[in-house]
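Understanding the architecture of this molecule
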Amino acid sequence: MKQKDIREFELETVLSITCNAILTQNLYSVFDCVNYITNNNIIPPTPELQLYAQMHILNTHPELIGVVPEEPICSPEEAHKFIQTQQVKFGNMLSLSPLHNGLIEQVDPIKKMGSYREY
């Protein structure tokens, strides 16, 4: 993989994906990260794309496996405290690369919307 294919993302963005929690005040950074990893451009990304991104991050950075808040995060202050604790261990930024083309299909957001049933 070429060096230019690697991007740095803030730890709070990456952990928002791996912990399935909102740990950043910039939700678009999470969308950007998921879309970068999955080679898509959907806002918000579908749950399937989020899962692909989560698995890719944990395969790339296995040290993040099991890194989750001990208690549910109920405020921005709690999220900030959790992130600060993790930054001591992992730093402020993590390098990520996209999945290889062809591993997952490109998602057409209009077609995807049509696949959801109304109740």
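Residues numbered from 1 in each chain as written. Predicted model: local features only at pLDDT ≥ 70, side-chain atom pairs only at ≥ 80, totals over all residues. Heavy atoms only, no water.

Some thoughts on the nonpolar core
Among soluble globular proteins, nonpolar side chains are generally buried collectively. Stated formally: Put simply, buried Ala, Val, Leu, Ile, Met, Phe, Trp, Tyr and Cys residues joined by side-chain atoms within 4.5 Å make one nonpolar core. Only protein chains enter the area calculation, which uses a 1.4 Å probe; residues under 20% of their type maximum are buried, those over 50% are exposed, and those in between are partly exposed. Put simply, DSSP marks the helices as runs of H or I at least four residues long and the strands as runs of E at least two long, and each gets a number from the N terminus on. By definition in these notes, contact holds between two residues if any of their heavy atoms fall within 4.5 Å.
Of all hydrophobic cores here, the largest spans 25 residues; its most connected members are Leu-15 and Ile-37. Mapped onto this core, the elements with two or more residues apiece are helix H1 (11-18), helix H2 (27-38), helix H3 (47-60), helix H4 (76-90) and strand E2 (93-96). Take this core: its biggest share by element is five residues, from H2. In contact with Ile-37, not counting residues within four places along its chain, are Ala-53, His-56, Ile-57, Leu-96, Ser-97, Pro-98 and Leu-99.

Comments concerning a nonpolar patch on the surface
For clarity, the cut-off: For patches, a residue must show more than 30% relative accessible area and have no salt bridge; joins then use 9 Å for like charges and 5 Å for nonpolar side chains, namely Val, Leu, Ile, Met, Phe, Trp and Tyr. Using a 1.4 Å probe, accessible areas were evaluated by the Shrake-Rupley method; residue-level cover was limited to the displayed protein chains. By salt bridge we mean one thing: a side-chain nitrogen of Lys or Arg within 4 Å of a carboxyl oxygen of Asp or Glu.
On the surface, a cluster of nonpolar side chains totalling about 280 Å² of accessible area is made up of Leu-51, Tyr-52 and Met-55. Position of Met-55 among the secondary structure elements: in helix H3. The partly exposed category is assigned to Met-55, whose relative accessible area is 41%.

What to know about the pattern of salt bridges
Opposite charge on two side chains makes pairing possible when the charged atoms of those side chains draw close. Throughout the structure, instances matching the rule amount to one salt bridge. Ionic pairing is found between Asp-32 and Arg-7, a salt bridge with its closest N-O pair at 2.6 Å. Here Asp-32, found in helix H2, pairs with Arg-7, found in strand E1 (residues 7-10); they are 25 residues apart in sequence, far enough to count as distant.

What about the packing of H1 against H4?
Note the following rule: Lines fitted to C-alpha atoms define the axes here, with helix axes fitted over just the stretch in contact, and angles between the N-to-C directions of these axes take values from 0 to 180 degrees. Oblique is the label for every angle not falling under 35 degrees (roughly parallel), over 145 degrees (roughly antiparallel), or within 65 to 115 degrees (roughly perpendicular). When residues are grouped by polarity, Ala, Val, Leu, Ile, Met, Phe, Trp, Tyr, Cys and Pro land in nonpolar, Asp, Glu, Lys and Arg in charged, and all others, Gly among them, in polar.
Two elements in contact, H1 and H4, have axes whose closest approach is 10 Å; the angle formed by their N-to-C orientations is 105 degrees. On the basis of their axis angle, the class for H1 and H4 is roughly perpendicular. Residues Leu-11, Glu-12 and Leu-15 of H1 pack against Phe-82, Ile-83, Gln-86, Gln-87 and Phe-90 of H4. Tallied by class, residues from the contact of H1 with H4 come to five nonpolar, two polar and one charged.

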